[in-house]
Amino acid sequence: MTDQTQAPTRARPSSSGWLTRLTRAAPTRPGETYGVPGSGDTTWLSLASIALLLFLWWIVTATGWVKPLFVPSPGAILQKFADIWQNGFTNTSFLEHIAISTARVFGAFVLACALGIPLGLAMGMSPLVRGIFDPPIEFYRPIPPLAYLPLMIIWFGIGETAKVLLIFLSVFAPVALGARAGVKSAAIEQIHAAYSFGATRWQVMRHVILPSALPEILTAMRIGVGFGWTTLVAAEMVAATKGLGYMVLSASQFLQTSTVIVGIIVIAAIAYAFDLLMRAVERRVVPWKGRM
Amino acid sequence: MGLNIADVSVVYPAADGRPPVEALRRIDLSVERDDFVVALGASGCGKSTLLNLIAGFLSPTSGSIMLDGRPVDGPGADRSVVFQKHALMPWLDVIDNVAFGLMLRGLPEAERHATAGRFIDLLGLGEFRRSKVYKLSGGMQQRVGIARALTCDPRLLLMDEPLGALDALTREKAQELILRIWHETGKAVFFITHSVEEALFMGTRLIVMSPRPGRIAHRFDLPFSRQFLAGAPAREVKASPEFIRLREEVLRIIFADEEAAA
Ligand SMILES: Nc1ncnc2c1ncn2[C@@H]1O[C@H](COP(=O)(O)OP(=O)(O)OP(=O)(O)O)[C@@H](O)[C@H]1O
Ligand SMILES: [Mg+2]
């Protein structure tokens with residue numbers, strides 16, 4: 001008996017282990033689902049990636065490979081940040097710049113969701129609504145906001161309306177299209193089940209189609225708010241004296257590279273924080289996403 | 001009274017260059033109160049089409065379908081459907097899934113949870129009331145689906161291969177459970193299956209269908225479910241000479257159909 005276990009039976013060389021991992025996932029722990037695409041925790045990798053980028057940045061500036069005009073050092077950026085934080089930028093406090101831009105983007109975002117989600121759902125549900133609204137949305141969707149910015153200004157003036165409307169338009173299309181696609185998420189059996197319990201069309205919409213569309217709607221909202229931030233700079237190009245987009249633009253005209261980078265980082269940080277918030281909402285609201 | 005299907009045909013129109021499909025030809029079938037009708041037949045012989053007609057999802061090309069003297073025109077709460085799978089609402093927990101039909105009727109929560117709770121207990125899911133349905137096993141999910149269909153107190157329970165996705169042991173248990181519930185609640189049942197043994201064991205009446213065009217080729221009256229409900233053990237019923245003789249006969253018919261079609 002015992003000599004058998006000592007027999008030299010090496011089943012498989014373990015050196016091929018990590019190679020097979022590339023083609024086939026390891027078994028999951030209990031409570032997880034095998035083969036879910038892209039499952040796994042990425043926190044440490046992400047932190048390492050950020051650290052590496054910061055390190056490279058520091059190296060190229062500290063060694064003087066790149067002139068500060070092109071890429072200021074991380075330290076200079078920090079200093080600039082502290083400076084703007086204390087003294088503001090063009091006589092407006094930093095927080096006010098942030099508040100104004102955030103208000104513009106999220107105002108437009110809330111408006112776009114309030115209108116875009118119901119419209120998208122209606123487009124998914126009704127051929128009539130889809131027939132009417134599909135051409136205009138698909139027509140304007142691929143046009144860069146900069147291209148119709150002049151029209152916005154001619155029509156709505158240089159006030160707040162044109163700015164918010166420009167951002168609104170860039171958020172509206174992805175949100176509406178996401179909601180429209182989400183309508184198709186409900187399995188036909190779920191819909192049939194509801195009807196067979198005597199549901200009305202409205203109830204099927206409210207209790208089956210809307211909840212099953214929720215994952216796609218939340219994804220569309222995440223994508224939409226990203227478009228909103230993308231459009232911010234365009235919106236604050238004309239007749240703005242406040243806002244992060246304005247700050248970045250006017251700093252670039254005076255070659256204040258560090259201010260530009262501070263603005264960029266702040267925009268990215270706000271957008272990223274909101275995305276993290278949306279992901280948390282997703283986990284809470286649709287924990288069943290992709291599991292049934 | 002009950003369900004009356006008279007001279008019903010269904011033709012799916014031609015599509016993608018294929019000729020029209022005569023899915024059902026001249027079907028006559030009546031389902032009385034407390035009947036357990038089982039439909040059996042090769043794939044594609046029109047079983048689901050027949051169920052969809054009864055459920056009201058599909059209207060016949062010709063013929064009439066009457067429920068209690070009124071024509072069926074659309075789905076309704078008097079005919080609940082249990083699907084093979086994928087029909088639960090993952091955003092609701094077990095009790096709210098079971099109470100789904102009652103919620104659609106606007107019953108207050110306390111009342112619908114009380115009713116749903118009774119059916120959850122009946123199907124042996126008592127400890128899982130507050131579980132997420134996507135965390136249940138396939139057999140448990142199927143029981144939730146059955147409980148959900150029962151809470152609406154339908155006159156007719158329609159089941160399209162409800163046990164098809166279950167393993168053999170769970171499946172036999174579920175068969176016995178469904179029979180007991182059918183017996184206790186006295187509902188009429190229309191039940192589709194691919195398993196000859198399941199069909200013979202569960203039905204009071206069996207229709208064997210043949211494809212191209214889909215029609216009812218044979219009808220049998222079955223005694224076995226009553227034997228089981230009278231106290232005979234399920235395996236004993238399924239191993240009785242009478243059961244085996246009928247099983248072989250039905251299998252012969254189905255194989256002959258397959259060969260004729262091939
Ligand atoms: N929507 C449809 N359009 C066209 N043809 C259809 C449609 N649904 C079913 N058919 C055809 O009608 C016939 C009967 O289909 P049905 O789904 O009722 O069969 P079934 O007996 O339920 O089969 P299975 O046991 O595989 O579920 C098949 O030949 C099928 O191809
Ligand atoms: Mg079928």
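Residues numbered from 1 in each chain as written. Chains lettered and ligands numbered in written order. Predicted model: local features only at pLDDT ≥ 70, side-chain atom pairs only at ≥ 80, totals over all residues. Heavy atoms only, no water.

1. Here we look at the overall build of chain A
Piece 1. The helix and strand tally for chain A stands at 12 helices and zero strands.
Piece 2. Put simply, chain A runs from its N terminus to its C terminus through helices and strands in the order α-α-α-α-α-α-α-α-α-α-α-α.
Piece 3. Whereas a compact globule of 292 residues would reach a radius of gyration of roughly 19 Å, chain A reaches 26 Å, over 25% beyond that.
Piece 4. With the C-alpha coordinates of chain A rotated into their principal frame, the extents come out at 85 × 65 × 30 Å.
Piece 5. Taking the intrachain contacts of chain A between residues at least 6 apart in sequence as the baseline, contacts between residues at least 24 apart amount to 70%. (Helix = DSSP H or I, 4+ residues; strand = E, 2+ residues; numbered from the N terminus. Rg over C-alpha atoms; globule rule 2.2 N^0.38 Å. Contact = heavy atoms within 4.5 Å.)

2. Topic: the interface of chain B and chain A
Piece 1. In this assembly, 26 residues from chain B lie in contact with 20 residues from chain A.
Piece 2. Around 2100 Å² of area is buried between chain B and chain A when both sides are counted, 74% of it from carbon and sulfur atoms.
Piece 3. Considering only the side of chain B, the residues that lose the most area to chain A are B:Trp91, B:Leu104 and B:Tyr134, jointly responsible for 34% of the buried surface there.
Piece 4. Summed over the shared surface of chain B and chain A, the result is zero salt bridges.
Piece 5. Linking chain B with chain A are three residue pairs in polar contact (both at pLDDT 80 or more), by the criterion used here.
Piece 6. When residues of the side of chain B that touches chain A are traced back to their parent elements, those giving at least two are strand 6 (79-82), helix 3 (100-104) and helix 5 (138-151) of chain B.
Piece 7. The element best represented in the side of chain B that touches chain A is helix 3 of chain B, accounting for four residues.
Piece 8. By residue class, the composition of the side of chain B that touches chain A is 17 nonpolar, five polar and four charged. (Buried area = accessible area lost by both parts, 1.4 Å probe. Salt bridge = Lys/Arg side-chain N within 4 Å of Asp/Glu carboxyl O. Polar contact = N/O pair within 3.5 Å; in protein donor to acceptor, adjacent residues only side chain to side chain. Nonpolar A, V, L, I, M, F, W, Y, C, P; charged D, E, K, R; others polar.)

3. Notes on the nonpolar core
Piece 1. Counting residues in hydrophobic clusters, the biggest one holds 109 residues, and the most contacted among them are B:Ile5, B:Leu29, B:Leu50, B:Phe100 and B:Phe190.
Piece 2. Looking at this core element by element, the count peaks at 13 residues for helix 10 (residues 201-235) of chain A.
Piece 3. Leave out the neighbours within four places in its chain, and B:Ile5 touches B:Ile27, B:Asp28, B:Leu29, B:Leu50, B:Ile54, B:Ser64 and B:Ile65.
Piece 4. With 52 residues, the next largest nonpolar core counts B:Ile120, B:Ile178, B:Leu179 and B:Ala199 among its residues. (Core = buried A, V, L, I, M, F, W, Y, C linked by side-chain atoms within 4.5 Å. Buried < 20%, exposed > 50% of the residue type's maximum accessible area, 1.4 Å probe, protein only.)

4. Focus: a nonpolar patch on the surface
Piece 1. Residues A:Leu52, A:Leu53, A:Phe55, A:Leu56 and A:Trp58 make up a contiguous nonpolar surface patch of about 540 Å² in total accessible area.
Piece 2. Of note, A:Trp58 is situated in helix 3 (residues 43-62). (Patch = residues over 30% accessible without salt bridge, like charges linked within 9 Å, V, L, I, M, F, W, Y side chains within 5 Å. Areas by Shrake-Rupley, 256 points an atom, 1.4 Å probe, with all protein chains shown as cover.)

5. A word on the confidence of the model for chain A
Note: predicted coordinates in regions of low pLDDT should not be interpreted at a detailed level.
Residues and elements named next belong to chain A.
Piece 1. For chain A, mean pLDDT is 87; residues scoring 70 or higher make up 93% of the total.
Piece 2. Counting interchain partners and residues more than four positions distant, the pLDDT-below-50 stretch residues 1-5 has zero contacts.
Piece 3. Here residues 7-15 is modelled with pLDDT under 50, and outside its nearest four sequence neighbours on either side it reaches zero contacts, counting other chains as well. (pLDDT = per-residue confidence, 0-100.)

6. A look at the sheet that holds strand 2 (residues 21-31) of chain B
Residue and element names in this part refer to chain B.
Piece 1. With antiparallel pairing, four strands are arranged side by side in an open sheet as 2-1-4-5. Each having just a single partner strand, strand 2 and strand 5 (70-71) make up the two edges of the open sheet.
Piece 2. Sheet topology note: the strand 1 (residues 3-12)/strand 2 ladder contains seven bridges and is antiparallel. For Asn-4, the partnering residue across the bridge sits in strand 2 and is Ser-30.
Piece 3. Against the sheet, helix 1 (residues 47-55) touches strand 1, strand 2 and strand 4 (62-67), its axis set at about 125 degrees to strand 1. (Pairing = 2+ DSSP bridges. Axes fitted to C-alpha atoms, helices over the stretch in contact; angles between N-to-C directions.)

7. Let's talk about the UniProt feature "transmembrane region" (unreviewed entry) in chain A
Piece 1. Within this numbering scheme, the UniProt entry marks residues 44-66, 105-133, 153-177, 227-248 and 254-274 of chain A as carrying the feature "transmembrane region" (unreviewed entry).
Piece 2. Along residues 153-177 of chain A one finds 88% helix and 0% strand; the C-alpha atoms at either end are 26 Å apart. (UniProt positions renumbered as here; feature names shortened; annotations may be inferred.)

8. Brief notes about the pattern of salt bridges
Pairing is possible between side chains that carry opposite charge, provided their charged atoms lie close to one another.
Residues and elements named next belong to chain B.
Piece 1. Per the stated rule, a full pass over the model turns up 27 salt bridges over all chains.
Piece 2. Notably, a salt bridge pairs Glu-198 with Arg-171, separated by 2.7 Å at the nearest N-O pair. You can see Glu-198 sitting in helix 7 (residues 196-202) and its partner Arg-171 sitting in helix 6 (residues 168-185), a full 27 residues away along the chain. Across the pair, exposure class does not vary: Glu-198 and Arg-171 are buried alike.
Piece 3. Each of Glu-172, Glu-197, Arg-235, Lys-238, Arg-247 and Glu-248 takes part in one network of salt bridges that share partners.

9. Side note on the UniProt feature "domain: ABC transporter" (unreviewed entry) in chain B
Piece 1. Listed under "domain: ABC transporter" (unreviewed entry) in the UniProt record, and renumbered for this structure, are residues 3-236 of chain B.
Piece 2. The distance separating the terminal C-alpha atoms of residues 3-236 of chain B is 33 Å; by composition the span is 35% helix and 27% strand.

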